[in-house]
Amino acid sequence: MSSDDATQGPHAWFSHDRFGMFVHWGLYSLAARHEWVMTNERMSIADYERYTERFEADLYDPAAWARAAKAAGMTYVVLTTKHHDGFCLWDSDLTDYTSVNTPFGRDAVAEFVEAVRAEGLRVGFYHSLIDWHHPDFVVDGVHPRRGDDLEALNADRDWDRYRTYLHGQVRELLTRYGQVDYLFYDFSYPHGRDGLPGKGPDDWDSQALLALTRELQPGIIVNDRLGIPGDLTTPEQYQPTGPVTDESGREILWEACQTINGSWGYDRDNHDHKSPELLVRMLVDGVSKGGNLLLNVGPTGRGDLDPVAQRTLAGIAAWTSHHERSFRGAGPAPFTPPADARYTLRGDRLYLHLFSWPMNHVHLSGLAGKVSYVQFLHDASEVRFEEATANDEPHGSLTPDAPQDAVTLHLPARRPEVVVPVIEIFLKE
Ligand code: GLC
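What counts, and at which threshold
Residues numbered from 1 in each chain as written. Predicted model: local features only at pLDDT ≥ 70, side-chain atom pairs only at ≥ 80, totals over all residues. Heavy atoms only, no water. Near = heavy atom within 4 Å. Polar contact = N/O pair within 3.5 Å; in protein donor to acceptor, adjacent residues only side chain to side chain. Areas by Shrake-Rupley, 256 points an atom, 1.4 Å probe, with all protein chains shown as cover. Nonpolar A, V, L, I, M, F, W, Y, C, P; charged D, E, K, R; others polar. Domains from an automatic or database assignment. Contact = heavy atoms within 4.5 Å. Buried area = accessible area lost by both parts, 1.4 Å probe. Salt bridge = Lys/Arg side-chain N within 4 Å of Asp/Glu carboxyl O. Helix = DSSP H or I, 4+ residues; strand = E, 2+ residues; numbered from the N terminus. Core = buried A, V, L, I, M, F, W, Y, C linked by side-chain atoms within 4.5 Å. Buried < 20%, exposed > 50% of the residue type's maximum accessible area, 1.4 Å probe, protein only. Axes fitted to C-alpha atoms, helices over the stretch in contact; angles between N-to-C directions. Parallel < 35°, antiparallel > 145°, perpendicular 65-115°, else oblique. Left-handed = near helix turned anticlockwise from the far one by under 90°. Pairing = 2+ DSSP bridges. Phe/Tyr/Trp six-rings, centres within 6.5 Å; stacked < 30°, edge-to-face > 60°. Expected span 1.5 Å × (residues − 1).

We now examine the site of the ligand. Taken together, 14 residues sit near the ligand, with H24, E35, H83, H84 and E236 positioned nearest. Within the side chain of H24, an N or O atom sits 2.5 Å from an oxygen atom of the ligand. Residue H84 places a side-chain N or O atom 2.8 Å away from an oxygen atom belonging to the ligand. A total of 310 Å² of accessible area belongs to the ligand in isolation, and the protein chains cover 95% of it. Residues of the shell around the ligand, tallied by class, amount to seven nonpolar, three polar and four charged.

Turning our attention to the domain arrangement of the chain. The domain boundaries assigned to the chain delineate domain 1 (3-326) and domain 2 (341-427). Centre-to-centre separation of domain 1 and domain 2, based on C-alpha positions: 40 Å. Listed per partner, the contact involves 12 residues of domain 1 and 16 residues of domain 2. Of the roughly 1400 Å² buried at the junction of domain 1 and domain 2 (both faces included), carbon and sulfur atoms supply 62%. R325 is the partner of E424 in a salt bridge, and the nearest nitrogen-oxygen pair spans 2.7 Å. For the interface between domain 1 and domain 2, the tally reads seven residue pairs in polar contact (both at pLDDT 80 or more). Secondary-structure elements contributing two or more residues to the side of domain 1 that touches domain 2 are α11 (276-288) and α12 (307-323). Ranked by residue count, the leading element in the side of domain 1 that touches domain 2 is α11, at seven residues.

If you look at the biggest cluster of nonpolar residues, it comprises 88 residues, and the most contacted ones within it are W25, Y48, F112, F125, W204 and W319. Counting residues per element, this core draws most heavily on helix α8 (residues 159-176), which supplies seven residues. Excluding residues within four positions of it along the chain, F112 makes contact with Y60, P62, W65, V77, L79, V123 and G124. A341, V374, L409 and L427 belong to the second-largest nonpolar core, a separate cluster that totals 21 residues.

Moving on to the packing of α11 against α12. Packing of α11 against α12 brings their axes to within 9 Å, and their N-to-C directions diverge by 55 degrees. With respect to α12, the axis of α11 lies oblique. For the pair α11 and α12, the crossing hand works out as right-handed. On α12, the residues touching P276, L279, V280, L283 and V284 of α11 are T312, G315, I316 and W319. Within the contact of α11 with α12, the residues separate by chemical class into seven nonpolar, two polar and no charged.

So, on to the packing of helix α5 (residues 62-72) against α12. Interaxial distance between α5 and α12 falls to 7 Å at its minimum, and their mutual angle equals 40 degrees. With respect to α12, the axis of α5 lies oblique. Two secondary-structure elements touch here, α5 through A68, A71 and A72 and α12 through L313, I316, A317 and T320. Residues that form the contact of α5 with α12 fall into these classes: six nonpolar, one polar and no charged.

All right, on to unusual backbone geometry then. Note that the residue after D186, namely F187, is joined by a cis bond; omega there is -15 degrees. Checked against the element boundaries, F187 lands in the loop between β4 (182-186) and α9 (201-204). Of note in this structure, Q237 is not a glycine but carries a positive phi near 55 degrees.

For the rest of this paragraph, the subject is the pairing of strand β13 (residues 407-410). Because side chains alternate across β13, one face comprises the buried residues V407 and L409, and the other comprises T408 and H410, equally buried. Inspection of the sheet shows strand β10 (residues 361-364) paired to β13 by four bridges, in the antiparallel sense. Its bridge partner lying in β13, V362 is registered against L409.

Evaluation of the coordinates by the stated rule reveals 27 salt bridges. Residue D269 is joined to R268 by a salt bridge in which the shortest nitrogen-to-oxygen separation is 2.8 Å. Across the pair R328 and E324 runs a salt bridge whose closest N-O atoms are separated by 2.7 Å. For R328, a relative accessible area of 11% corresponds to the buried category. One salt-bridge network, held together by shared partners, links R42, R145 and D148.

Reading across from one edge, β5-β4-β3-β2-β1-β7-β6 is the order of the seven strands in this open sheet, with parallel pairing throughout. The open sheet has two edge strands with one neighbour each: β5 (221-222) and β6 (255-258). Bridging between strand β2 (residues 76-82) and strand β3 (residues 122-128) involves six bridges; their strand directions are parallel. Bridge assignment links K82 to a residue of β3, and that residue is H127.

The geometry of an aromatic ring pair is captured by two quantities: the separation of the ring centres and the angle between the planes. Evaluated as defined, the whole model comprises 34 aromatic pairs. Pairing W25 with F55 gives two aromatic rings, centres 5.1 Å apart and planes at 45 degrees, and the pair type is tilted. With W25 in the loop between β1 (19-23) and α2 (28-31) and F55 in the loop between α4 (45-54) and α5, the pair connects residues that are 30 residues apart, well separated along the chain. Look at W25 and you get buried, because its relative accessible area is 1%. Given the relative accessible area of 0%, F55 is considered buried.

Here α8 contains 18 residues, and its C-alpha end-to-end distance of 26 Å stays within 8% of the 26 Å for a straight helix at 1.5 Å per residue. When α8 is considered as a whole, its buried residues turn out to be W159, Y162, Y165, L166, H167, Q169, V170, E172, L173 and L174. The inward-facing, buried residues of α8 abut β2, β3, β4, α9 and α10 (206-216). Just beyond α8, the residue with positive phi is G178, at close to 70 degrees.

Written out as structure tokens, the structure is:
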């Protein structure tokens, strides 16, 4: 789908809204050292299963997650129904390895869906194609048992049975919880890892799984990690350098998925967190290139957001509370921004996001004759501007070197007290 088509039809909300919350939560939250802990430490199933006994999640309160997301300006929330460890957060008929069979004892997905909708947000599911717990999942290059005798280990594994399980669980998720707006499948690796085999669309039967997904939830948005084209692509832990295109050069929908600290699951000793300022810049940078941001939180094993996540979301909320209209419903602008800045455009309003604070003026090339009014977005205070004209005295003007086609904004010496200052520019009709 091209980004033009994306402004209409069932997926229009997605490019309009721009900002969602990713939630990685499961047994690995108890280990608290990366959601890949099972395979990173090559743990046996029996060893890893000990976390099921500790899964009490006494502070599980998806309404609090949803409120924090909404305050930060996110309009959709995507929860890990099952991660690669195979543990399911819903009451599946197809396995006992679920949140119901833990001290917590409940269907976490059901409560999540209700809480998210109650806040008026959209519901997304992340679902792992990979499953390190299922007895029929063929051991490969990312599996916890990858160093063992694969031939012996895989001899009795019945792949058809796993595939049926995978499709059956997707059917459960897409038939039991009402409207699901977004499905984030994860992931395909047909070329394997470290010389060992991987898995891809033929293994998952991705065509059939995608068809099933669309049949059960018409209008759903599906990513491309089934290894076949979906509705969008999901750059992970990097910011694309420009609009994202498919092989034929057509622009496609995209959403960068980003972490606070590099891990998706709760990672207690990882203090590598990004500042709210950096995260707001990433949101704005993405929107200026036509993309969304799906920002992750990894709640603790008790089910709540740790202080860093809470502070981070609150920091973002302080910004979005006054700047929502610079990204919501906005997209790329057909002008080149000055250095250290990003433009977004929403109708006849152009938003200039200043990533560093200039001294007194900023020149906006190509805007001469096009601007009717300018103000700061956070407080609606007027920003005076002038246009360089051929008649200006070279040394009489405050800005003698302004480009001829520029509008020059006069800025105060002090940067406004917001993490990313935004100037709202009203363009002439
Ligand atoms: C990766 C990782 C995973 C994480 C996901 C989020 O593919 O395997 O742990 O859930 O990306 O995009």
